[in-house]
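The chain contents come next:
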Amino acid sequence: METRSLYVHIPFCESICSYCDFCKVYYDQEQSDLYLQRLNEELSQIEQHHLKTIYIGGGTPSALNDEQLEKLMSMLKPYSLEVEEYCMEVNPESMDYYKLKILKKGGINRLSIGVQTFQDHLLKEIDRHHNTIQVKNIIKYAKEIGFDNISIDLMYGLPKQTKEDIQKDIEVLKSLDLQHVSYYSLILEEGTILKYKNYQPLDEESEYQLTLFIDQELEKIGFEKYEISNYAKQGYQSKHNLMYWYYNNYYGIGLGACSKIDRQIIEHSRSLTKYLNGDFKTTTIDETKEETMFNQIMMSLRLKEGLDLNKFKERYQEDARILYKEAITRNIEKGRLMIENDYLKATQEGQYVLNDILIDFM
Ligand code: SF4
């Protein structure tokens, strides 16, 4: 299978959010200079062939200073010449007009902005250090500079957040005229500050009701839900993330990143010291064919369109309808799965119990 996507991880953050368990460290100029050098060494091992998508994520890539961002853009230039989608995650507090100009010049054509909520009092609850005015300014500058594909991340289930707060967030979203939203339910991960503070997340029923509410409200303002947590205006689905949900190949470089090349999963070290010493990779996992097929199903059922059964057969020389006959039949009978035009997909009800469905496929 061809590998036509690249993920680049920038682990530096200016502050640490109370819910975060991503691979990140505090920003330090010297370390981030050296980090970019190491990243460049990794990059040189990848052929400069026809990549379709590049995604720079973090951490907070916008925490890099102007010179570092320029360096990153020039390192990636030879890889980005033919990309259809070139996206970077940015945080409002570390982004400004000049940095946006650097990104535009570097070829970035999609921004993913970490907003989480437009209620400033709730941002404080999760230790985010920006405010709504900064978000609005960044979006305004980005549009002035010519960015026409802007996504924001929002969250529900935050401490002290009410349904009215969510409604207000959606009203602000409507006024901003954006192309894409990722709307995540807060997941309480081990080792996070919120977990330590013993925060009680939403119970299943409240989460389900809020998800339904968000789905309906976003649909009213023109966003179609195409994945469990993602909504897009027509033509603006995330091409890079679709590649994960199709279980295609991808390169991942940088601290904690992961590549998938056919049946190999190559994981990177999560130790910054090791990474800065040039010790990039830790483990290579060889998936069995069964594991790969299961992972493909797990990822594709997250999509509204579901799993393309014909492509599955082409890729694995196996008919999923026969291979998983029992699991498919049982879940169709329960109203959780359906087959439509040779796509196996979760029904609306099935989307909320995807983990239970997948147990049957195991
Ligand atoms: S900015 Fe992102 S990566 Fe950094 S601590 Fe917050 S959530 Fe985690």
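The structure presented is a predicted model; accordingly, all values stated were derived computationally and were not measured. (Residues numbered from 1 in each chain as written. Predicted model: local features only at pLDDT ≥ 70, side-chain atom pairs only at ≥ 80, totals over all residues. Heavy atoms only, no water.)

*Asks:* Summarise the environment of Glu-2; cite the residues concerned and give the values.
*Replies:* Tracing the sequence through the fold places Glu-2 in the segment before strand 1 (3-10). Linking Glu-2 and Gly-278, residues 276 residues apart in sequence, is a C-alpha distance of 27 Å. (Helix = DSSP H or I, 4+ residues; strand = E, 2+ residues; numbered from the N terminus.)

*Asks:* Explain the sheet that holds strand 15 (residues 307-308) residue by residue, including any values.
*Replies:* Taking strand neighbours across the sheet as the criterion, the three strands line up as 15-17-16 in an open arrangement whose pairing is antiparallel. Each edge of the sheet is formed by a strand with only one pairing partner; in this case those strands are strand 15 and strand 16 (337-340). Bridging between strand 15 and strand 17 (residues 343-346) involves two bridges; their strand directions are antiparallel. Paired with Leu-307 across the strands is Leu-344, a residue of strand 17. Its contacts with the sheet put helix 14 (residues 325-333) on strand 16 and strand 17, and the angle it makes with strand 16 is roughly 105 degrees. (Pairing = 2+ DSSP bridges. Contact = heavy atoms within 4.5 Å. Axes fitted to C-alpha atoms, helices over the stretch in contact; angles between N-to-C directions.)

*Asks:* Mind laying out the site of the ligand, listing which residues take part and the relevant values?
*Replies:* As a matter of local geometry, the ligand sits amid Cys-13, Ser-15, Ile-16, Cys-17, Tyr-19, Cys-20, Phe-22, Gly-59, Thr-60, Asn-91 and Arg-128. Tallied by class, residues from the shell around the ligand come to six nonpolar, four polar and one charged. (Near = heavy atom within 4 Å. Nonpolar A, V, L, I, M, F, W, Y, C, P; charged D, E, K, R; others polar.)

*Asks:* Could you give me a rundown of the domain arrangement of the protein, with the residues and numbers involved?
*Replies:* If you check the domain split of the protein, you get domain 1 (3-243) and domain 2 (304-362). On a C-alpha basis, the centres of domain 1 and domain 2 stand 30 Å from each other. Every contact between the two is made by nine residues of domain 1 and, on the other side, five residues of domain 2. For the pairing of domain 1 and domain 2, the buried interface totals around 590 Å² over both sides, and the portion due to carbon and sulfur atoms is 56%. When the buried surface of domain 1 facing domain 2 is broken down by residue, Tyr-208, Lys-225 and Ile-228 rank first, second and third, together holding 52% of it. (Domains from an automatic or database assignment. Buried area = accessible area lost by both parts, 1.4 Å probe.)

*Asks:* How would you summarise the pattern of salt bridges if you had to cite specific residues and measurements?
*Replies:* When charged atoms on two side chains of opposite charge get close, those side chains can pair. Scanning the model with the defined rule gives 15 salt bridges in all. In this structure, Arg-38 engages Glu-41 in a salt bridge whose closest nitrogen and oxygen atoms are separated by 2.8 Å. With Arg-38 and Glu-41 both in helix 1 (residues 29-43) and three residues apart, this pair spans about one turn of that helix. Each member of the salt-bridge network shares a partner with another, and the members are Asp-319, Arg-321 and Asp-342. (Salt bridge = Lys/Arg side-chain N within 4 Å of Asp/Glu carboxyl O.)

*Asks:* Requested: an account of the packing of helix 6 (residues 163-176) against helix 8 (residues 204-220), with residues and values cited.
*Replies:* Relative to each other, helix 6 and helix 8 sit at 25 degrees, their axes nearing to 11 Å. Judged by the inter-axis angle, helix 6 sits roughly parallel to helix 8. Note on packing geometry: the crossing formed by helix 6 with helix 8 is right-handed. Contacts between helix 6 and helix 8 pair Lys-163, Ile-166, Gln-167, Ile-170 and Leu-173 from the former with Leu-210, Phe-213, Ile-214, Glu-217 and Leu-218 from the latter. Class assignment of the residues belonging to the contact of helix 6 with helix 8 gives a composition of seven nonpolar, one polar and two charged. (Parallel < 35°, antiparallel > 145°, perpendicular 65-115°, else oblique. Left-handed = near helix turned anticlockwise from the far one by under 90°.)

*Asks:* Would you mind going over helix 3 (residues 97-106) in detail, with residue names and values included?
*Replies:* Residues of helix 3 that are buried include every one of Lys-99, Leu-100, Ile-102, Leu-103 and Gly-106, and no others. One side of helix 3 holds all its buried residues, which, seen down the axis, span an arc of 155 degrees. Residues of helix 3 that are exposed and point more than 90 degrees away from the buried face comprise Tyr-98 and Lys-105. Its buried side turned inward, helix 3 meets helix 2 (66-80), strand 5 (85-90), strand 6 (110-116) and helix 5 (132-145). Regarding helix 3, its N-cap is Asp-96, as a side-chain oxygen of that residue lies 3.0 Å from the backbone nitrogen of Tyr-98 further along. Two residues or fewer past helix 3, Gly-107 is found with a positive phi of approximately 105 degrees. (Buried < 20%, exposed > 50% of the residue type's maximum accessible area, 1.4 Å probe, protein only. Arc of directions from axis to C-beta. Polar contact = N/O pair within 3.5 Å; in protein donor to acceptor, adjacent residues only side chain to side chain.)

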